[in-house]
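# Structural features, examined
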Amino acid sequence: MTLADYLPIALMFVLGVGFASVAMYFSWRIAPKKPTPEKLAPYECGIVPLQEPAQRFPVKFYMVAMLFVIFDVEIIFLFAWAVRFDQFGWAGIAAVGIFVALLIETLVYVWKRGALDWNVARRARYRRVVAPERVQEEAA
Amino acid sequence: MTAETVVFVIFALAALAGALTMVTARNPVYSAMGLLTTMFSIAVFFVLNDAHFVAAVHVLIYAGAVMTLFLFVIMLIGVDKAEDIRESIPFQRPMAVVLGAGLFVLVLVAGRASWVTGTRAVEEGGALGTIENVADELFGVWLLPFEATVLLLTIAAVGTIALAQFLDKPRELAAAREAEIAPGHEDEERAE
Amino acid sequence: MTGWETLLTAAIKVAVAFALLLSLTIVLVWFERKIVADMQNRLGPTRAGPYGMLQTVADGVKLLFKESVTPRRVEFALYIAAPIAALVPALLIFLVIPIGRPFTLGDRVIDLAGTDLNVAVLYVLALSSLAVYAVVLAGWSSGSKYPLLGAVRASAQMISYEAAMGLALVPVILFTGTTSIRAIVDAQAGEFLSFLGIWNIVLVPSFLIFFIAGVAETNRAPFDLVEAESEIVGGYHTEYSGFRFALFFLAEYINIFNISALTTTLFLGGWHGPTFGAPEWLAWVFPIVWFFVKTVALVFVFVWIRASLPRMRYDQLMQFGWKRLIPLTLVWIILSTVAIGFRRFGAPWG
């Protein structure tokens, strides 16, 4: 494999960016432009926007991204081992078996701690028992 | 001038521009985009050194997974929030200069020496970073560090839970699981 | 091969691939609308062209002439970069998929694929993880509620199912011992009717998981919560109009084709198929036909799923990914590893 194998990729990148930019520019040039304050407001199905958009994500998404990093690293290791499967034989299977078993354990831990629960009712159940003061605060 | 040199110069400039954007941008989302450019350029450097596997991994892990995590964290905190700009670490700026100079010297020294990983970074014959070679090293010589990696990943998961979940004791969690919800009240709780 | 020849070959390949993808999108959109209409007892597009085939072209031209509204609160640089970031990874993924067998021109062999990387499988995964940025940036830079909510949902969904997708490919690589897509296709070559033992379809769980994850990765029904109109309007591209929206639409359909083509290539033997003893000058046509027949069949499954299944709820979606699909994939990796290990090395105690 040489640098020439990446040439089509580079060309396609340039072509894609070029096509998208030129098409958007062309469309902007020929299309009508009649901005009105209503049209330029954030779209809320016709209702006048009352609140700013939320600027914060729930923390759940952070956990999903972290789990994704963990599993991505695992995928890389498994791919590397899979192409050399024949050379390492049962020793390789044992080594990777330990690795995968420990990752399953991680997944079980995260699961049992409720990090994979997206159901509001189920999470509310934890909250009522563990942090009753929080529930009262939110009710107030 | 060979094609390699041209590609290197283009992406070296892109990497530097990305790094500058990352440091100077006012808005953290633009900083993240600058870092993404740098990550991508580094992947191109790996390709230039015949390390195709490492290049793909670099895009997949760093530009893909880790940068997505960064973006989530930036948005988690709230991008437009007025920031507390007091510097809490004393002598922050002089220290940054000293540490930066130290890192620069370290890079210069490490670039000349081979003691960092025990092998020379570039050998004759090329084809060093292919997936087969990486696998041979990883599962042959470096098997124990490889197994240790999974502990690192576990620690990362545990740390995430510790940071993000307010539930902290397994016993309380078990109690929570056992706590009954009267049927038909689920909607009420969802409304919460 | 001289430098100019390399450049010319690459340029022709890229131009053909690009034209192919654009025209395929036009056909696929029509195909989907017609099929869904049939399944729902409607007529679907009938006016533009024979059987309404030119409807997509008409829609595209219309979008070109429509006003591109730029809402007041957008972060313009990122807002305009997001449609480009959606389109480019979709175009790039297609380059590593071989659509027919290599043919000889003079004394040179030309692959019917954009390029052949020996890390092609990783390349595909890397690009589909870059596709997440288009969604996040579009949602965030719009400065509006619904796009942001849609983007958060979509990006978490895409990364979750991408993990399942990558894990589902581990048995395939075990089975064929390579990450080059061309080599994976070559490993599936075989005679007519013996293909069932040779195609990677023997890894049925991997095939199913990969395809399900692919449907979720492209944000299609029943995983299309991103565009749950009743809850969050159009999702991350709510604030996009005119041709900026058309680019997102284009990227979505190219991605559907890519996922179907990848499934064909990795599990259904790629372009391999019987040539019915055709003479050599005609035989090169059959692989291309087989490739498109298999791929369009999978696109049909996409449409069929969309017409049949109701949309999932978001908590169901995430729990299905993390609590069902990924554990299942991990168990399947262990089972298939042990099975292949027994077949290749014998019992570890013997």
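Calculation notes
Residues numbered from 1 in each chain as written. Chains lettered and ligands numbered in written order. Predicted model: local features only at pLDDT ≥ 70, side-chain atom pairs only at ≥ 80, totals over all residues. Helix = DSSP H or I, 4+ residues; strand = E, 2+ residues; numbered from the N terminus. Rg over C-alpha atoms; globule rule 2.2 N^0.38 Å. Buried ≥ 20, exposed ≤ 12 C-beta atoms within 10 Å, placed from the backbone. pLDDT = per-residue confidence, 0-100. Core = buried A, V, L, I, M, F, W, Y, C linked by C-beta atoms within 7 Å. Domains from an automatic or database assignment. Contact = placed C-beta atoms within 7 Å. Nonpolar A, V, L, I, M, F, W, Y, C, P; charged D, E, K, R; others polar. Axes fitted to C-alpha atoms, helices over the stretch in contact; angles between N-to-C directions. Parallel < 35°, antiparallel > 145°, perpendicular 65-115°, else oblique. Left-handed = near helix turned anticlockwise from the far one by under 90°. Arc of directions from axis to C-beta.

## Concerning the overall build of chain C
Broken down by element type, chain C carries 13 helices and two strands. In terms of C-alpha radius of gyration, chain C reaches 21 Å, essentially the compact-globule figure of 20 Å for 350 residues. Across the 350 residues that make up chain C, the buried fraction comes to 53%.

## A closer look at the overall build of chain A
Summing up its helical and strand segments, chain A has six helices and zero strands in all. If you list the helices and strands of chain A from N to C, you get α-α-α-α-α-α. The proportion of buried residues among the 140 residues of chain A is 36%.

## Digging into the confidence of the model for chain A
With 74% of its residues at a pLDDT of at least 70, chain A reaches an overall mean of 79. Model confidence for chain A, summarised as mean pLDDT per element, is weakest for helix H5 (residues 120–130) of chain A at 57 and strongest for helix H1 (residues 7–30) of chain A at 90.

## Focus: unusual backbone geometry
All names here are of chain C. The residue Tyr 51 is not glycine, and still its phi comes out positive at about 55 degrees. Considering the arrangement of structural elements, one finds Tyr 51 in the loop between helix H1 (3–39) and helix H2 (55–65). A residue is classified by how many C-beta atoms lie within 10 Å of it, and Tyr 51, with 13 of them, is partly exposed.

## Overview of the nonpolar core
Residues A:Phe79, B:Ala56, C:Leu122, C:Tyr123, C:Leu137, C:Ala164 and C:Ala213 are the most contacted members of the largest nonpolar core, which totals 187 residues. Each of two domains, domain 1 (1–80 + 126–141) and domain 2 (143–179) of chain B, supplies a minimum of three residues to this core. Not counting chain neighbours up to four residues away, the residues in contact with B:Ala56 comprise C:Val119, C:Leu122, C:Tyr123 and C:Ala126.

## Looking at the interface of chain A and chain C
The partner chain C presents 70 residues to the 56 residues of chain A that form the contact. With 16 residues, H1(A) is the single largest residue contributor to the side of chain A that touches chain C. A breakdown of the residues in the side of chain A that touches chain C according to their chemical character gives 44 nonpolar, five polar and seven charged.

## Structural notes on the packing of helix H3 (residues 52–77) of chain B against helix H4 (residues 120–141) of chain C
Where H3(B) meets H4(C), the axes come as close as 8 Å, and the angle between the chain directions of the two elements is 20 degrees. By the angle between their axes, H3(B) is roughly parallel relative to H4(C). Considering the relative orientation of H3(B) and H4(C), their crossing is left-handed. Facing H3(B), whose interface residues are B:Ala56, B:Val57, B:Val59, B:Leu60, B:Ala63, B:Gly64, B:Ala65, B:Thr68, B:Leu71 and B:Met75, H4(C) presents C:Leu122, C:Tyr123, C:Leu125, C:Ala126, C:Ser129, C:Leu130, C:Val132, C:Val136 and C:Trp140. Classifying every residue of the contact of H3(B) with H4(C) by side-chain character gives 16 nonpolar, three polar and no charged.

## Some points on the interface of chain C and chain B
Between chain C and chain B, the residue contacts involve 16 residues of the former and 15 residues of the latter. For the side of chain C that touches chain B, the elements supplying multiple residues, two or more each, are H4 and helix H5 (145–176) of chain C. The greatest single-element share of the side of chain C that touches chain B, amounting to nine residues, is contributed by H4(C). The residue makeup of the side of chain C that touches chain B, split by class, is 12 nonpolar, four polar and no charged.

## Details of the packing of helix H3 (residues 60–83) of chain A against helix H4 (residues 85–112) of chain A
Residues and elements named next belong to chain A. Between H3 and H4, the shortest axis-to-axis distance is 10 Å and the interhelical angle comes to 170 degrees. It follows from the interaxial angle that H3 and H4 lie roughly antiparallel. Here H3 contributes Leu 67, Ile 70, Glu 74, Phe 77, Leu 78, Trp 81 and Ala 82 to the contact with H4, which in turn contributes Phe 85, Gly 92, Val 96, Phe 99, Leu 103, Thr 106 and Val 110.

## Some words on H2(C)
Residue and element names in this part refer to chain C. Every buried residue of H2 is listed here: Gln 55, Thr 56 and Leu 63. Seen along its axis, H2 keeps its buried residues to an arc of 95 degrees; they face one direction. Relative to its buried face, H2 has exposed residues pointing more than 90 degrees away, namely Val 61 and Phe 65. Here the buried face of H2 lies against H1 and helix H10 (242–267).

## Overview of the environment of C:Met318
Tracing the chain through its elements places C:Met318 in helix H13 (residues 314–345). Judged by the 24 C-beta atoms lying within 10 Å of it, C:Met318 is buried. Sequence spacing of C:Met318 and C:Tyr161 is 157 residues, and the spatial spacing of their C-alpha atoms is 8.9 Å. In this structure, C:Met318 is in contact with A:Trp118 and C:Ser160, ignoring residues within four places of it in sequence.

## Observations concerning the environment of C:Val170
Mapped onto the elements of the fold, C:Val170 is located in helix H5. When the C-alpha atoms of C:Val170 and C:Ala246 are compared, they prove to be 35 Å apart, with 76 residues separating the residues in sequence.

## What about the confidence of the model for chain C?
All names here are of chain C. Per-residue confidence for chain C gives a mean pLDDT of 84; residues scoring 70 or more make up 93%. For chain C, per-element mean pLDDT is lowest for helix H7 (residues 195–198), which scores 57, and highest for helix H3 (residues 76–94), which scores 91. For this predicted complex, the interface confidence reaches an ipTM of 0.88, while the overall pTM sits at 0.86.

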